[in-house]
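Overview (structure and organization)
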Amino acid sequence: MKMLGAEVVIECLKAEEVDIVFGYPGGAVLTLYDALFKTDFPHILTRHEQGAVHAADGYARATGKTGVCFATSGPGGTNLVTGIATAYMDSIPLVAITGQVGVSLIGKDSFQEADICGITTPITKHNYLVKKIQDLPGVMKEAFYIARTGRPGPVLIDISKDVFNDTLDFVYPETVCLRGYRSLFAGDSNQIDLVIESLEKAEKPVIFVGGGVNISGTSEEMRKVINLTGIPVIASLMGLGCIPSDAPEHLGMVGMHGTYAANMATMDCDLLMGIGVRFDDRVTSLVQNFAPKATIIHFDIDPAEVNKNVRADLKVIGDLRWSLPLLCEKIAERSLTKKQWAKAEWVDLVQEWKREKPLASSLPAGGIRPQTVIEKVSELTQGEAIIVTDVGQHQMWTAQSYNFNTQRSFLTSGGLGTMGYGLPAAIGAQITLPEKDVVLFTGDGSIMMNCQELATLADNGLPVKIIVMNNQVLGMVNQWQRMFYGKRYSHSSTKGCTDFVKLAEAMGVAGLRVTKSEELNIVLEKALKMEGPVLVDVLLPETEDVLPMVAPGGRLDQMVLRGIIG
Amino acid sequence: MKYILAVLVENRPGVLTHISGLISRRAFNIESIAAGPTEEVDTTRITIGVEVEDEFELEQVVNQLSKLVNVIKIANITYVDSIQRELALIKVRANKANRSDLVDVVEIFRAKIVDVNRETLVVELSGEESKIDALCEVLTDFGILEIVRTGRIAISRGPVPAKDM
């Protein structure tokens, strides 16, 4: 059947079971948008292309499916760049489709032309420029296959305007043939036997859970390993949610803003088993000082991650959906007791660390503590909400204080640290999970970076609850200036005339404000019960730091534990 | 330490840029890079000389390159018994007085003179990198105007091609 290129794109999306697209129209994709109109394909119009790509990312993180976004050529494409890089750093399956100028205009600095393939080469798993309609079905098939298999990631397809208008007898290929692409699933099971041997010998083992567990949906297997062995667990920011925050074995997040127990356990353990982690510098600090006494075991799907930052003594390369069930099986075969896997002395020691140094606040009692805001939301949602954050102090407080229970329940930009990620990502998550509570914790700095998406939220009636942790400063910048730059607060104050409640209301979102601690519980309860979207502006003191903290380059056991506010 | 990688890639636009971009982006140093078609029409072979600290860093280069969708195969032929060649064209000052000396030098190196005029001549030489370096050094005395070198290519001895290594 003869079809326009634009219609071919829509048919391919249907074949890939895409149920919604986020995007923004423009000259080069008008034919594509006409096809969307004619087929009534679900589409969310964001107010900025960056909003579209983050929304597709939030959708993908919350569901495990591949997120899709559209943008026009030139500035449309370049506005996607931050979102594509965000998805790349956190291994999120995403297909971005951009329009390109007509074939005869390519390479001539034409109106709204940008070499988006060139621009996105370092931040995509792969990308394509389609200049002939005959290539379109094959490219679409390959793009979705690459995005979702192996280590997931973003793929960009740049399609010339001419291709949308050309016609083709559409046949969607059933298979892909990529000579150079190997999406590894099963690896070498002998390595797992060696892991078991090492675990049996270890006196002070620790399991380090990362984002790979969330992405591969292997939280259940991970919990099984913990339940069978009782080995203490630490998590990266991206690994939160895989193991319930209140599980006795869970010591919390590790790294720069990790808990005392997690960081001390890392420094003292004799075996550290990293599962789907990439040993980010925010976790390791100086790699030479990271887990200095430990045998390092690394489970990962991507061979390039092993030995990249931290050298592994044992590596298990393969999909966690292959390796973790096998690990469980082999652990169970040994029929050892928890005490034999995790020695009582070690467990007692880490539990002592956990009791001894809980998370600290530097604020005097009476004021609104940011941690209290998060704990209250955690209590009200019973840890069952999808929590989304922007980037900064509020992100770390959320990671430290929310009681996560389930995988894929914490959406945050871990690798790139993208301010402005939260609101559109929350939109993407809420659209696909309408029955869930979706709560966004953001800062007065972050919310402004994509606040135009309040309009998208309102227009689609999505009941996202936005908590603005408003301390009237760029909190993390301010904290670093306080701690490392002699309190020279260079351009980190946002004190101004912006009224977030009015801003929300102007865009069609209900606005509430909390100024005193007595109001906090009432307002939060009200906000969570209200129908539709709500923004709660919580006025916080500006001097609260995120603690504990390891100074850049410091060792994980050299933590600033208490406030140093002066 | 210097290593030689034989990289087989799909013959598509932009692949060489992807490879060189990835290597330099990850802060590895490319010593030389040479690309050309192979016995299979849809395959290009790229010979890359890289300088890295140790085997761990080399493992990173190989693993990162392997992630590129268009890369079919990477063979480390550093320790494989192989033939290595580079082609150079060198434009040297030459006049009546020193031309015969130059011809002698060219003959000693088994190079070829491929262009002559009243002021200059062009020498063509293929061989191992060190041989070309040596010729360049000697020709410096005559006055080199221009050098163009292809970068190293390498092929293993014996029946096993890189694609089967």
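As the structure is a prediction and not an experimental result, all values here were calculated from the model. (Residues numbered from 1 in each chain as written. Chains lettered and ligands numbered in written order. Predicted model: local features only at pLDDT ≥ 70, side-chain atom pairs only at ≥ 80, totals over all residues. Heavy atoms only, no water.)

Focus: the packing of helix α1 (residues 5-15) of chain A against helix α2 (residues 30-39) of chain A
All names here are of chain A. It is at 8 Å that the axes of α1 and α2 come closest, and there the two elements cross at 55°. With respect to α2, the element α1 is oriented oblique. Crossing of α1 over α2 shows right-handed handedness. Facing α1, whose interface residues are A6, E7, V9, I10 and K14, α2 presents T31, L32, A35, L36 and T39. Its residues assigned to classes, the contact of α1 with α2 comprises 6 nonpolar, 2 polar and 2 charged. (Axes fitted to C-alpha atoms, helices over the stretch in contact; angles between N-to-C directions. Helix = DSSP H or I, 4+ residues; strand = E, 2+ residues; numbered from the N terminus. Parallel < 35°, antiparallel > 145°, perpendicular 65-115°, else oblique. Left-handed = near helix turned anticlockwise from the far one by under 90°. Contact = heavy atoms within 4.5 Å. Nonpolar A, V, L, I, M, F, W, Y, C, P; charged D, E, K, R; others polar.)

Thoughts on the UniProt feature "domain: ACT" (unreviewed entry) in chain B
Mapped onto this structure's residue numbering, the UniProt feature "domain: ACT" (unreviewed entry) falls at residues 4-79 of chain B. Secondary structure within residues 4-79 of chain B divides into 30% helix and 41% strand; the distance between the first and last C-alpha atoms comes to 9 Å. (UniProt positions renumbered as here; feature names shortened; annotations may be inferred.)

Looking at helix α2 (residues 55-66) of chain B
Residue and element names in this part refer to chain B. Spanning 12 residues, α2 covers 16 Å between terminal C-alpha atoms, matching the ideal 16 Å at 1.5 Å per step. For α2, the full list of buried residues reads L58, Q60, V61, N63, Q64 and L65. On the buried face of α2, the contacting elements are β1 (2-10), α1 (15-25), β3 (43-51) and β4 (71-76). The backbone nitrogen of F56 has a side-chain oxygen 3.2 Å away, supplied by the residue at the start of α2, namely D54. (Expected span 1.5 Å × (residues − 1). Buried < 20%, exposed > 50% of the residue type's maximum accessible area, 1.4 Å probe, protein only. Polar contact = N/O pair within 3.5 Å; in protein donor to acceptor, adjacent residues only side chain to side chain.)

Looking at the packing of aromatic side chains
All names here are of chain A. Under the counting rule described, the total for this entry stands at 11 aromatic pairs over all chains. Considering the side-chain rings of Y145 and Y181, the 5.8 Å spacing of their centres and the 75° angle between planes classify their relative orientation as edge-to-face. Taken together, the residues span a long stretch of sequence, with Y145 in helix α7 (residues 136-148) and Y181 in the loop between β8 (167-169) and α9 (189-201) at a distance of 36 residues. With a relative accessible area of 32%, Y145 lands in the partly exposed category. The exposure class of Y181 is buried, given its relative accessible area of 12%. Ring centres of F279 and F290 lie 5.8 Å apart, and the angle between their planes is 75°; this geometry places the pair in the edge-to-face category. One end of the pair, F279, is in the loop between β12 (271-275) and α13 (281-284); the other, F290, is in the loop between α13 and β13 (295-300), and 11 residues separate them in sequence. (Phe/Tyr/Trp six-rings, centres within 6.5 Å; stacked < 30°, edge-to-face > 60°.)

Here's the deal with the pattern of salt bridges
All names here are of chain A. Under the counting rule described, the total for this entry stands at 44 salt bridges over all chains. Between E11 and K14 there is a salt bridge; the shortest N-O distance is 3.4 Å. Of this pair, E11 and K14 both sit in helix α1, 3 residues apart, which is roughly one turn of that helix. The exposure class of E11 is partly exposed, given its relative accessible area of 25%. (Salt bridge = Lys/Arg side-chain N within 4 Å of Asp/Glu carboxyl O.)

Let's talk about the pairing of strand β19 (residues 510-514) of chain A
All names here are of chain A. One ladder, built from 5 bridges, connects β19 with strand β20 (residues 534-539); its direction is parallel. Considered in β20, the bridge of V514 is made with V538. Between β19 and its parallel partner β20, the chain crosses via helix α24 (residues 517-529), and the hand of that crossover is right-handed. (Pairing = 2+ DSSP bridges. Right-handed = clockwise from strand over helix to strand, strands pointing away.)

Structural notes on the environment of A:M559
All names here are of chain A. Checked against the element boundaries, M559 lands in strand β22 (residues 559-560). The spacing of M559 and N263 is 296 residues in sequence and 8.7 Å in space, taken between C-alpha atoms. Apart from residues lying up to four places away in sequence, M559 is in contact with T259, Y260, N263, M264, P548, M549 and V550.

Quick look at empty space enclosed by the protein
Applying the stated rule across the entire model yields 3 cavities of 30 Å³ or more. One number sums up the size of the largest cavity: a volume of about 50 Å³. Around the largest cavity, the lining residues are A:H126, B:V15, B:H18, B:I19, B:L68, B:V69, B:N70 and B:V71. With 3 residues, the top contributor of residues to the lining of the largest cavity is α1(B). Its residues assigned to classes, the lining of the largest cavity shows 5 nonpolar, 3 polar and no charged. Size it by volume and the second largest cavity reaches roughly 40 Å³. (1 Å grid on protein atoms, 1.4 Å probe; cavity = no way out; pocket = protein on both sides within 12 Å on 5 of 7 lines; lining within 4 Å. Points joined across faces, edges and corners; volume = space filled by probe spheres on them.)

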